[in-house]
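Structural features, examined
Here's the letter readout for the chains.
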Amino acid sequence: KGMAPPQRILLPPEKICMDWQQRQRAGAGLHNLDNTCFLNSVLQCLTYTPPLANYLLSREHSQSCHQQGFCMMCVMEVHVNNVLHSSASAIQPRAVVGVLTRIGEHFQLGVQEDAHEFLRYTVDAMQRACLSGSSNLDISSQATTIVHEIFGGFLRSRVACLSCKATSDTYEAFLDIPLDIKEASSITGALEDFVKPEQLDGENGYKCSKCEQLATASKSVTIHCSPNVLTVCLKRFDAFSGRKISKEVQYPEYLDLGAYMSEAAGEPLLYSLYAVLVHEGFGSRTGHYYCFVKASDGRWYKMNDASVRLCDIKTVLCQRAYLLFYAR
């Protein structure tokens, strides 16, 4: 019972290395090339994702890439090597800006975009690059790329009929978890709300296939397979009005995911914070984006376009975060 195993493994999970292979101070800042702070801050968060950086620094992808034309993995490999090997204090992120409309055809240079949307499109483009040449793969096999091995997990949605107690499970791959913060004052509170069972009754009742009637049921979503890197998006922008929810939402340096899993873990499932992306302003497509990252030297840096400044964990933990990145 549960998820079907992959028919094909594209990258063995043991090839994922969660610890930095090379230790150095933070790399270069990124010049703002006309409203590109959303892109700069997302790229810095990805650059300091240890398992992704290790893989891209090894140049393993480009050595075996057969893709004609645009390949997001090759683009990221060039970018991460440029940033981490540069002797300049800041560089221009030309490798990525040059393919902006290939990442998402609606993105326009000079126009401020939503950083979370750009992250989604970038990671999806990397995933497509990894799947290039492998058609008709089942969902479990698609989850064995380097991208999914790093950022991906699975959610389980379980509906339990309260009349006959029958349960029905469906599984959905995810690359990040969007959390509603309207009622929550902390990430742990928002995660509790995320996994809280919801009652289906009345018009919203559940057509149970076992007792063959419209029944009252309970629906719950839990994390079934936890990712190596957990990306959390705090839903700060109202879906209808676009207005920003500016309230403070607390987040810890160390997060235990155990309580939000489908099966209770025996020991804590600990994650450590390594990047925080912040939005200043009123709307996702206006204002300014910057981020805080933990470099391979174990120290925190504030990355604000071309500026790279050392900072402390206390500063990192008191931001009004938009995106949070945690690694196992």
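Structure first, text after, so check above.
A brief report on the enclosed structure follows. All of these numbers come straight from a predicted model, not from anything done at the bench. (Residues numbered from 1 in each chain as written. Predicted model: local features only at pLDDT ≥ 70, side-chain atom pairs only at ≥ 80, totals over all residues. Heavy atoms only, no water.)

Things to note about helix α2 (residues 50–57)
The cut-off we apply is this: Note on classification: 1.4 Å probe, protein chains only; a residue is buried when its accessible area is under 20% of the maximum for its type, exposed when over 50%, partly exposed between these limits. Per the convention used, a helix needs a DSSP run of H or I reaching at least four residues, while a strand needs a run of E reaching at least two, with both numbered from the N terminus.
In terms of residue burial, α2 counts as a mostly covered element, since 8 of its 8 residues are buried. Of the residues making up α2, those classed as buried are Pro 50, Pro 51, Leu 52, Ala 53, Asn 54, Tyr 55, Leu 56 and Leu 57. Phi turns positive one or two residues past the end of α2, at Arg 59, with a value near 55 degrees.

Considerations on the nonpolar core
We count it as follows: What makes a nonpolar core is a set of buried Ala, Val, Leu, Ile, Met, Phe, Trp, Tyr and Cys residues whose side-chain atoms join them at distances within 4.5 Å. Any two residues whose heavy atoms approach within 4.5 Å are treated as being in contact.
In terms of nonpolar packing, the biggest core is built from 66 residues, with Tyr 48, Met 72, Met 73, Phe 118, Ile 146, Phe 151 and Leu 277 touching the most fellow members. In terms of residues, this core owes the most to one element, helix α7 (residues 115–131), which gives 8 residues. Contact partners of Phe 118, with chain neighbours within four places excluded, come to Phe 38, Leu 39, Val 42, Val 96, Leu 100, Ile 103 and Phe 107. Counting 34 residues, the second largest nonpolar core, distinct from the first, contains Val 249, Leu 257, Val 276 and Cys 311.

Some thoughts on the environment of Ser 272
Looking at the element boundaries, Ser 272 is found in strand β12 (residues 270–280). In this structure the C-alpha to C-alpha distance between Ser 272 and Met 72, which are 200 residues apart in sequence, comes to 27 Å. Apart from the residues lying within four places of it in its own chain, the contact partners of Ser 272 are Glu 253, Tyr 254, Lys 294, Phe 325, Tyr 326 and Ala 327.

Describing the pairing of strand β15 (residues 307–311)
Stated formally: At least two bridges found by DSSP between two strands are what make those strands a pair.
The pairing of strand β14 (residues 300–304) with β15 spans 5 bridges and is classified as antiparallel. Pairing of Trp 300 across the sheet is with Cys 311, part of β15. Counted between consecutive antiparallel strands, the loop separating β14 from β15 contains 2 residues, among which Asp 305 sits at a positive phi close to 55 degrees.

A closer look at the side chain of Thr 145
Along the chain, Thr 145 turns up in the loop between α8 (139–142) and α9 (146–151). The contacts of Thr 145, once residues within four sequence positions are left out, are Leu 10, Leu 11, Gln 127, Cys 130 and Leu 131.

Remarks on the pattern of salt bridges
For the record, the criterion: By definition, a salt bridge exists where a carboxyl oxygen of Asp or Glu is found within 4 Å of a side-chain nitrogen of Lys or Arg.
Per the stated rule, a full pass over the model turns up 10 salt bridges. Asp 169 is the partner of Arg 158 in a salt bridge, and the nearest nitrogen-oxygen pair spans 2.7 Å. Here the residue Arg 158 occupies a position in strand β3 (residues 153–161), and Asp 169 occupies one in strand β4 (residues 167–174), the gap between them amounting to 11 residues. Here Arg 158 falls in the partly exposed class, since its relative accessible area comes to 24%. One salt bridge in this structure joins Glu 248 and Arg 320, with 3.8 Å as the shortest N-O distance.

Thoughts on the environment of Gly 29
On the secondary structure map, Gly 29 appears in strand β1 (residues 29–30). Take Gly 29: its relative accessible area is 0%, and that puts it in the buried class. The spacing of Gly 29 and Pro 93 is 64 residues in sequence and 9.4 Å in space, taken between C-alpha atoms. Gly 29 has contacts with Gln 44, Ser 89, Ala 90, Ile 91, Asp 305, Ala 306 and Val 308, leaving out every residue within four places of it along the chain.

Brief notes about the packing of helix α1 (residues 37–47) against helix α4 (residues 72–85)
Just so we agree on the cut-off: Here an axis means a line fitted to C-alpha atoms, over the contact stretch when the element is a helix, while the angle between two N-to-C directions is reported on a 0 to 180 degree scale. Just so you know how the angles are binned, under 35 degrees is roughly parallel, over 145 roughly antiparallel, 65 to 115 roughly perpendicular, and the rest oblique.
Where α1 contacts α4, the two axes come as close as 11 Å, and the packing angle between them is 85 degrees. By the angle class used here, α1 and α4 are roughly perpendicular. Residue-level contacts link Leu 43, Gln 44, Leu 46 and Thr 47 of α1 to Met 76, His 79, Val 80, Val 83 and Leu 84 of α4.

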